[in-house]
Amino acid sequence: MTDTRRPRPAVPRSAPVSRSPRPAVPRSVRAASAALALSGLLAVSACSGGSSPARQAGSAVTAEPAALSPTATPTGSPTGAVVALTPDVMSRLDTAIKQAMSEAAIPGVIIGYTTPDGSYQRTFGVADKDAGTPMSPDLYMRIGSVTKTFTTTGILRLVDQGKLGLDDPISKYVPNVPGGDAITLRQLGEMRSGLFNYTLDSDFQQAFFNDPNRPFTPDQLLAYAFKHPANFAPDAKFEYSNTNLILLGLVVEKVGGQPLQDFLNQQVFTPAGLARTSLPTDATFPDPHAHGYTNQTAGGAVEDSTTWNPSWGWAAGAAISDLADLQTWSKVLATGEPLLQPATQAERLKFKSAGDTPDLGYGFGVFDTHGWIGHNGSLPGYEAVVLHLPQAKAGLVILLNTDITHDGSEPSTLVARAITQIVSPNNVYTLPTPPASGSPTASPSPTTSPTTSPTGSPTLSPLESPTASPSPNPMVTETPSPAVSPTATLHIS
């Protein structure tokens, strides 16, 4: 960590926001689950209550959605567990999505919902608030913790190749992991290792907020985690931690014999048909892409985070993709085809309780919430939800260019709930609302005083809120850097 704030490259800023910054505690909660893709899983329930906040300047929703595909031919009957996509249903979807966007002040959203009998694809709002550029279906987007599904698939590919076993200890592949002889690869992928989540460490938070453009290495990220004792014994309970995925990424590199991004490209992205998906190791962002807007900043003000370096998320949340690729991936993730043998996919789908929440389970880098299998993701400025409902062979992908919560809920969760209430009323995407002090499965986290480092950490996770019960954050022991507002938190899901 540097002693003084390093100058940042010029980054476009969004217009001032009229509503107040999020309170520090809820943000720290999100940080706990900040593992990039679950960025919405356990974190926040998709609720629509409460009054609408003042809309951000320049973030008005377009009057009418842009149609991305031909209108589906009505079938007149439900397909499996979903409602037929009649013109009336699609009109209701348009209205519900625009209402959710208005309520949560979401700048732009890309939607792709498919069934065997038809599809609903729309874009709403803007990709760039300053220029007024509309959202379009071909935009590249950062996808946060959906990255975890790729990394864990890499592990499962190696299982099929006979190069490792899910019950191998992490110490067999990565040295110096605290308690590594008793922590298995399976427990890492299931979020049951007990290892401290590095994004909750105060020194990491200070380093990130002082300069969101700085690079981080996997070893640096693990060092932030390993200075803390484990939160519990391996397999004792579920607790979302981005540390688990950094370790699995290192395993893929060691056993696969090449950098993680190359392995995933050759063994996951290409054979799955994902031509526009990548795992950058720096701030690279292909064109065209949407601008991202976040209030996970040092002072809590909304900023344009488009060029921030996501290397701090790496195997847990740095991937980039687009609507078409993620629509393909939702089915591959839920079925394993064509990447995994059936027995290996069955290991992935061994869901265990994610705390005390009914109808919510977590498997090997994937969740099941009310029948929808997939993952969510969140990091500063962007959110994603990638789901598949096997009973109906239906897929749902949602991409947003903000991660600013509304009444404690992730904006992506609000949109996903609004959609599934209409198309799959018996399978509504619902995530538990965590208590203000932590996630649904966590004990209250200690309160950080205004004189300490940030109360939260960048979020990267499939769960909306952190599930960890972190130990009190230590004061920064290095030469103090410029003070960071206690309201700043970094959430990754």
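Above this text is the structure in question.
Criteria and thresholds
- Residues numbered from 1 in each chain as written.
- Predicted model: local features only at pLDDT ≥ 70, side-chain atom pairs only at ≥ 80, totals over all residues.
- Heavy atoms only, no water.
- Helix = DSSP H or I, 4+ residues; strand = E, 2+ residues; numbered from the N terminus.
- Buried < 20%, exposed > 50% of the residue type's maximum accessible area, 1.4 Å probe, protein only.
- Contact = heavy atoms within 4.5 Å.
- Areas by Shrake-Rupley, 256 points an atom, 1.4 Å probe, with all protein chains shown as cover.
- Phe/Tyr/Trp six-rings, centres within 6.5 Å; stacked < 30°, edge-to-face > 60°.
- Lys NZ or Arg CZ within 6 Å of the ring centre and 35° of its normal.
- Lys, Arg positive; Asp, Glu negative; His and termini not counted.
- Salt bridge = Lys/Arg side-chain N within 4 Å of Asp/Glu carboxyl O.
- Core = buried A, V, L, I, M, F, W, Y, C linked by side-chain atoms within 4.5 Å.

A. Representation of the overall build of the protein chain in the model. Each helix and strand in the protein chain was counted, giving twelve helices and 14 strands. The buried share of the protein chain, reckoned over its 493 residues, is 62%. Look at the contacts in the protein chain between residues 6 or more apart in sequence, and 78% of them connect residues 24 or more apart. Accessible surface, the protein chain: about 15,900 Å² in total, of which carbon and sulfur atoms supply 54%.

B. Main features of the packing of aromatic side chains. Scanning the model with the defined rule gives 15 aromatic pairs in all. Consider the rings of Phe204 and Trp312, whose centres lie 6.0 Å apart with planes at 45°: the pair is tilted. Of this pair, Phe204 sits in helix H5 (residues 202–210) while Trp312 sits in the loop between strand S7 (303–304) and helix H9 (314–317), and the two are 108 residues apart along the sequence. Assigned by exposure class, Phe204 and Trp312 land together as buried. Relative to Tyr429, the ring of Phe367 lies with its centre 6.3 Å away and its plane at 50°, an arrangement referred to as tilted. Of this pair, Phe367 sits in strand S11 (residues 367–369) while Tyr429 is found in the segment after helix H12 (411–423), placing the two residues 62 residues apart along the sequence. Among the residues examined, Tyr429 registers a relative accessible area of 0% and is labelled buried. These aromatic residues form a ring-pair network of at least three members: Tyr198, Phe204, Phe208, Phe209, Phe216, Tyr224, Trp308 and Trp312. The residue whose ring lies beneath Lys129 is Tyr293, and the NZ or CZ to ring-centre distance is 4.4 Å.

C. The arrangement of the side chain of Glu239 in detail. Along the chain, Glu239 turns up in the loop between helix H6 (218–226) and helix H7 (242–256). An unpaired buried charge is present at Glu239: no salt bridge exists, and Lys237, the closest side chain of opposite charge, is 4.4 Å distant.

D. Local environment of the nonpolar core. Counting 119 residues, the largest nonpolar core has Ile111, Trp329 and Ile398 as its most contacted members. Filtering out sequence-adjacent residues up to four positions away, Ile111 remains in contact with Ile97, Tyr120, Gln121, Arg122, Phe124, Leu323, Leu396, Val397, Ile398, Val415 and Ile419.

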